[in-house]
Amino acid sequence: MSAIESCRTAALGGHVARCEKCAHTQISYNSCRNRHCPKCQGAAAKDWLASREADLLPVPYFHVVFTLPAPIGDIAYHNKAVIYDLLFKASAETLTTIAADPRHLGARVGVTSVLHSWGSAMSHHPHVHMIVPGGGISLDGERWVAGRPGFFLPVRVLSRLFRRLFLTMLLAAHKAGRLRFFGDHAALVDAQAFAAYLAPLRRTEWVVYAKRPFGGPQAVLAYLSRYTHRVAIANSRLIACDRTGVTFRWKDYRADGRDRQKVMTLATGEFIRRFLIHVLPHGFHRIRHYGLFASGTRADNIARARCLLDVPAAQPEAGDTNCAEANEPKPLSHPCPCCGGRMIIIETFQRGSSPRFRPAPSTAVIRIDTS
């Protein structure tokens, strides 16, 4: 929380930029770059989206979601690293196993998974979103196997294998002593009590969602990129913050039409508690790639898929061959808000410092950018 509180304030330093045309001057403070900060991860999300778009294949893509039942989510509060990791592994193994089965697709597929731990009201709701091409490379590597139009894999088959794999992995983690239990769940440290706790889950249907995106693969990537570098809530959903609490917009997915959009007010302490639920363990990766998209073989697999699909390889954009002088002022990527001219950094200042630059009386008033 301390990083987020200091984000885009003088505590983190910043720079002063001036327009080359109209001399408009503004101060911009540095962002905290914390991956849980709702304000400063927009640029990272855009970079991630651009890199994923370069890997898109000219085939239909599907949006697949694996969700953990609430009883599993309850024990994940104190076991985030273990439970979330098992969620990634079980869902990815489920998808790649069923896809490789000749009775279904009979191919090796690529998977990009993104973890979400929240619902719209910032409740604890662990699930993974996946973007998957509607086809894959045959098991012998000699051809591209396309799925049926508008259909990827049977969700009931996915659901049951996911349930079996996850529960098997979870019991193994419990046996290895990797799980911790507190409060109402303290008794689950006992193996028999834990098995009894899981027994009802073996008889229920676990939620798996799979649907071809209406807007194409770019639409799914754009959807995922809005959440890959943020947690729980965006600033755009905040309405008010006062002594009574924090008011924000949320979606009630159990309602239809206009009743789905709702407003909620939480006491400040409860709002902070819900936000902190979704802070990930240190070093935990919320974006992972499997199958054809696994990091070690990603480039070769995508090149092979393009060859089998008879499409040209993506060409990297030519870089700027003009080397700037070391002492040349650094321009900003965004133009001047007054005239559209180029903004040049004229001063940088360190953490906790104030800028030394003071504009002449004839220049425009310095504007503070804290957005």
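Going by the structure above, here's the rest.
In this report, we go over the structure that sits alongside the text. The shown structure was predicted, so the numbers you read here are calculated from the model rather than taken from an experiment.

1. A few points about the packing of aromatic side chains
Then, in step 1: This structure, assessed with the given rule, holds nine aromatic pairs.
Then, in step 2: Between the aromatic rings of Phe66 and Phe162, the centroid separation amounts to 5.0 Å while the plane-to-plane angle is 65 degrees, which identifies the pairing as edge-to-face. Placement of the pair is Phe66 in strand β3 (residues 61-67) and Phe162 in helix α5 (residues 155-175), with a sequence separation of 96 residues. The residues Phe66 and Phe162 share a single accessibility class, namely buried.
Then, in step 3: Across from the ring centre of Phe151, 4.3 Å away, lies the NZ or CZ of Arg148, which sits over that ring.
Then, in step 4: Here the basic side chain of Arg288 rests over the ring of Phe284, its NZ or CZ set 4.7 Å away from the ring centre.

2. A few points about the pairing of strand β10 (residues 238-242)
Then, in step 1: Bridge count between β10 and strand β11 (residues 245-251): four bridges; the pairing is antiparallel. Within the sheet, the bridge partner assigned to Cys241 lies in β11 and is Val246.
Then, in step 2: Where β10 folds back on β11, the antiparallel hairpin that results is connected by two residues.

3. With respect to the environment of Met122
Then, in step 1: Take Met122: it is sitting in the loop between β5 (110-118) and β6 (124-133).
Then, in step 2: Separated by 128 residues in the primary sequence, Met122 and Trp250 have C-alpha atoms spaced 8.9 Å apart.
Then, in step 3: Beyond its immediate chain neighbours, meaning those up to four positions away, Met122 contacts Ala232, Ile233, Phe271, Arg274, Phe275 and His278.

4. Observations regarding the sheet that holds β11
Then, in step 1: The three strands are arranged β10-β11-β12 in an open sheet whose pairing can be described as antiparallel. Whereas interior strands pair on both sides, the edge strands pair on one side only; in this sheet they are β10 and β12 (261-266). Put simply, the sheet's adjacent strands are angled 20 degrees from each other on average, direction ignored.
Then, in step 2: Pairing analysis gives six bridges linking β11 to β12, with the strands arranged antiparallel. Paired with Val246 across the two strands is Leu266, which belongs to β12.

Cut-off values and rules
Residues numbered from 1 in each chain as written. Predicted model: local features only at pLDDT ≥ 70, side-chain atom pairs only at ≥ 80, totals over all residues. Heavy atoms only, no water. Phe/Tyr/Trp six-rings, centres within 6.5 Å; stacked < 30°, edge-to-face > 60°. Helix = DSSP H or I, 4+ residues; strand = E, 2+ residues; numbered from the N terminus. Buried < 20%, exposed > 50% of the residue type's maximum accessible area, 1.4 Å probe, protein only. Lys NZ or Arg CZ within 6 Å of the ring centre and 35° of its normal. Pairing = 2+ DSSP bridges. Contact = heavy atoms within 4.5 Å. Axes fitted to C-alpha atoms, helices over the stretch in contact; angles between N-to-C directions.

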